[in-house]
Amino acid sequence: MRNLRINQDRLWDSLMEMARIGATEKGGVNRQALTDLDREGRDLFVSWCEAQGCSVRVDTMGNIFARRAGTDDGLAPVMTGSHLDTQPTGGKYDGVYGVLAGLEVIRTLNDMGHATRRPVEVAVWTNEEGCRFAPAMVGSSAYVGKFSLEEAHAIRDGEGKSMGEELERIGYLGDLPLGGREIAAFFEAHIEQGPILEAERKTIGIVRGAQGQRWFDVTVTGQEAHAGPTPMAIRRDALVGASRIVDLVNRIGHDFQPGACATVGQFVVAPNSRNTIPGRVVFSVDFRHPEEERLSEMKARLLAEAEAITGGIGLDLEIDEIWHQPPIVFDEACVAAVAKGAEVSGLSAMRITSGAGHDACNICEVAPTAMIFVPCEDGISHNEAEEATAEDLAAGCDVLLGAILDRADAP
Ligand code: HGY
Ligand code: MN
Ligand code: MN
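All residue numbers refer to positions counted from 1 along the written sequence of the respective chain. Chains carry letters from A onward and ligands carry numbers from 1 onward, assigned in written order. Local features in this predicted model are restricted to residues of pLDDT 70 or higher, and side-chain atom pairs are both shown and tallied only at a pLDDT of 80 or more, whereas totals for entire chains, interfaces and linings draw on every residue. Side-chain measures were taken over the full set of non-hydrogen atoms in the model, leaving aside hydrogen atoms and water.

1. Quick look at the side chain of Q32
Then step 1. Mapped onto the fold, Q32 is located in the loop between α1 (8-19) and α2 (36-51).
Then step 2. Pairs of residues are marked as contacts when any of their non-hydrogen atoms sit within 4.5 Å. Leave out the neighbours within four places in its chain, and Q32 touches D38, D85, T86, Q87, P88, C131 and R132. By definition, any uninterrupted DSSP run of H or I lasting at least four residues is a helix, any uninterrupted run of E lasting at least two residues is a strand, and each is numbered from the N terminus.

2. Description of the coordination of the manganese ion (ligand 3)
Then step 1. Metal coordination here is assigned from N, O and S atoms located within 2.8 Å of the ion, or within 3.2 Å for Na, K and Ca; omission of water means that sites may look incomplete. For the manganese ion (ligand 3), every protein donor is listed as D94 (OD), E129 (OE), E129 (OE) and H382 (NE2), and the spread of their distances is 2.1 to 2.6 Å.
Then step 2. Look at where the donors of the manganese ion (ligand 3) fall in the sequence and you get D-x34-E-x252-H.
Then step 3. On the accessibility criterion, D94 (5% relative accessible area) is buried. Relative accessibility thresholds used throughout: buried, under 20% of the residue-type maximum; exposed, over 50%; partly exposed, between the two (1.4 Å probe, protein chains only).

3. Topic: the pattern of salt bridges
When their charged atoms lie close together, side chains carrying opposite charge are able to pair.
Then step 1. For salt bridges, the criterion is a side-chain nitrogen of Lys or Arg within 4 Å of an Asp or Glu carboxyl oxygen. One pass over the structure, following the stated rule, counts 29 salt bridges.
Then step 2. In this structure, the salt-bridge partner of R42 is D38, at a minimum N-O distance of 3.4 Å. Placement of both R42 and D38 in helix α2 is noted, with a separation of four residues, approximately one turn of the helix. Like R42, the residue D38 is buried in the burial classification.
Then step 3. Salt bridges sharing partners connect three or more residues here, namely D36, R132, D157, E166 and R169.

4. Describing unusual backbone geometry
Then step 1. Here A134 and P135 are connected by a cis peptide whose omega angle stands at 5°.
Then step 2. By the element assignment, P135 lies in the loop between β4 (120-124) and α4 (138-143).
Then step 3. Residue P258 is reached from Q257 by a cis peptide bond, and omega for that bond is 0°.
Then step 4. Tracing the backbone through its elements, the reader meets P258 in the loop between α8 (238-255) and β9 (261-263).
Then step 5. Its identity as a non-glycine residue notwithstanding, M137 has a phi of 55°, on the positive side.
Then step 6. Even without a glycine there, the phi angle at D378 is positive, about 55°.
Then step 7. If you trace the backbone, D378 turns up in the loop between β16 (369-374) and α12 (390-408).
Then step 8. On the basis of relative accessible area, D378 is assigned to the exposed category, the value being 54%.

5. Quick notes on the packing of α2 against helix α3 (residues 96-112)
Then step 1. Angles here are taken between N-to-C directions and fall from 0 to 180 degrees, while the axes themselves are lines fitted to C-alpha atoms, restricted in helices to the stretch in contact. The interhelical angle for the contact between α2 and α3, taken along N-to-C directions, is 15°, at an axis separation of 10 Å. Classified by the interaxial angle, the pair formed by α2 and α3 is roughly parallel. Where α2 crosses over α3, the two elements pack in a sense that is left-handed. Counting all contacts with α2, which are made through F45, W48 and C49, the residues of α3 involved are V99, L100, L103 and R107.
Then step 2. Amino acids outside the nonpolar list (Ala, Val, Leu, Ile, Met, Phe, Trp, Tyr, Cys, Pro) and the charged list (Asp, Glu, Lys, Arg) are all regarded as polar, and Gly is one of them. Taken together, the residues that form the contact of α2 with α3 break down as six nonpolar, no polar and one charged. An angle below 35 degrees is treated as roughly parallel, one above 145 as roughly antiparallel, one from 65 to 115 as roughly perpendicular, and anything else as oblique. Crossings are sorted by hand: turned counterclockwise from the far helix by less than a right angle, the near helix makes the crossing left-handed, and turned clockwise it makes it right-handed.

6. What about α2?
Then step 1. In this analysis, the expected span of each helix is defined as 1.5 Å times one less than the number of residues it contains. The terminal C-alpha atoms of α2 lie 22 Å apart, and with 16 residues this matches the ideal 22 Å at 1.5 Å per residue to within 8%.
Then step 2. Among the residues of α2, those classed as buried are D38, G41, R42, L44, F45, V46, W48 and C49.
Then step 3. At the C-terminal side of α2, G53 shows a positive phi close to 85°.

7. A word on the coordination of the manganese ion (ligand 2)
Then step 1. Donor atoms from the polypeptide that bind the manganese ion (ligand 2) are H83 (NE2), D94 (OD) and H190 (NE2), placed at 2.1 to 2.3 Å.
Then step 2. The sequence motif formed by the donor residues of the manganese ion (ligand 2) is H-x10-D-x95-H.
Then step 3. For the pair the manganese ion (ligand 2) and the manganese ion (ligand 3), the metal-to-metal distance amounts to 3.5 Å, and D94 bridges them. With a gap of eleven residues between them, H83 in the loop between β3 (78-82) and α3 and D94 in the loop between β3 and α3 connect regions that are remote in the sequence. Judged on exposure class, the residue H83 and its partner D94 are both buried.

8. Observations concerning the environment of D406
Then step 1. With respect to the element layout, D406 can be found in helix α12.
Then step 2. The exposure class of D406 is partly exposed, given its relative accessible area of 24%.
Then step 3. C-alpha separation for the pair D406 and A337, spaced 69 residues apart in sequence, amounts to 6.7 Å.

9. Some points on the site of ligand 1
Then step 1. For this purpose, a residue is taken to be near a molecule or strand whenever a single non-hydrogen atom of the residue falls within 4 Å of it. The local shell around ligand 1 consists of E128, E129, A136, M137, Q213, W215, R288, A356, G357 and H382.
Then step 2. In protein, a polar contact means a hydrogen-donor-capable atom and an acceptor-capable atom, both N or O and within 3.5 Å, with residues adjacent in sequence counting only if both atoms are side-chain atoms; elsewhere, any N or O pair within 3.5 Å suffices. Separating an oxygen atom of ligand 1 from a side-chain N or O atom of R288 is a distance of 2.7 Å.
Then step 3. Contact distances for ligand 1 include 2.7 Å between an oxygen atom and a backbone N or O atom of G357.
Then step 4. In short, Shrake-Rupley with a 1.4 Å probe defines the accessible areas, and a residue's cover is counted only from the protein chains shown. Coverage of ligand 1 by the protein amounts to 95% of the 210 Å² it exposes when considered alone.
Then step 5. Class assignment of the residues belonging to the shell around ligand 1 gives a composition of four nonpolar, three polar and three charged.

Function cannot be inferred from these measures alone, as they are strictly geometric.
In structure tokens form, the structure reads like this:
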């Protein structure tokens, strides 16, 4: 089966067609979870899968499963897939590549008339990005039981709309029960979203695992007052306290090198009026580290020093940890299947740990799992300029095909 190769142009054309849904002026994509654009992208994907003879089912979290039957169809499927939702200023490949690479595998197997022993499924996981509905990876988290269905449905966006309501509104509140199905193996193809593969001139990242993450919501409360008559000495300026904590977050990131990442991405000042002293600031903190110990130390330092900052200037502080994803290690046999796929395809490859979180980081809790990375230009992602070459994307998809066949045809 090794002479099986995917169709590079067809994969590229599908990526470009999907990228038109939510296309932004700067060449990116804004197709956030459970919006009408997300529905449009989901509908397009479902139509492509049905055209390939797949049966398509949707679960109660809106996760989509397109299934190509196996000769021994009662066996647990080999699954691949990723997400179709994007960041507000996202790119054409983050998540979408893993979904459409899975579809390209199905298309190639159909072209070759190759019947796999096990069924093959392509999954689309709901709300991987976590920008409209926090935290990230809710669909795959709920699938493996980290959230109950009620908890996940109750998550609200900045306008107070809940995931449950929005799933119903876009017609993706399915009736397939959440999780509980055996998966023989799960492979996710994804762009690296960092600079390592490009710097090392490698085409394939054999992903051995992912770093841990801790996400926080921080609220600093002071007192709104007039910017003119209020003397500096008696002010309780929430923005001053919040700004000092932003600097603290950055210092923690630098102090826990090598490996740490620390980001404040969302920042809301109230009342955000130029001549009123800010009374309340709410912002996000995203900590990451490959080692759980270090990640806990980063958290401890944030809690201790933020309290000292705000207490010292009469402000109130609330830090709410909204998500913790420990570092994970993928299944060695699946990682080996990816390594073998790269070797047989004659592609340059290296083992790598993922800096980003992915749905595979959840699915690995219920199935043997591994990921395949391909480079993206300058390592840039979560940016409208995100770019990758048709050749690298096709190479990663060939490795995905090899890994899936390795497990789907296994005796
Ligand atoms: O935040 C992440 O790592 C992923 O892009 N949701
Ligand atoms: Mn992604
Ligand atoms: Mn992303």
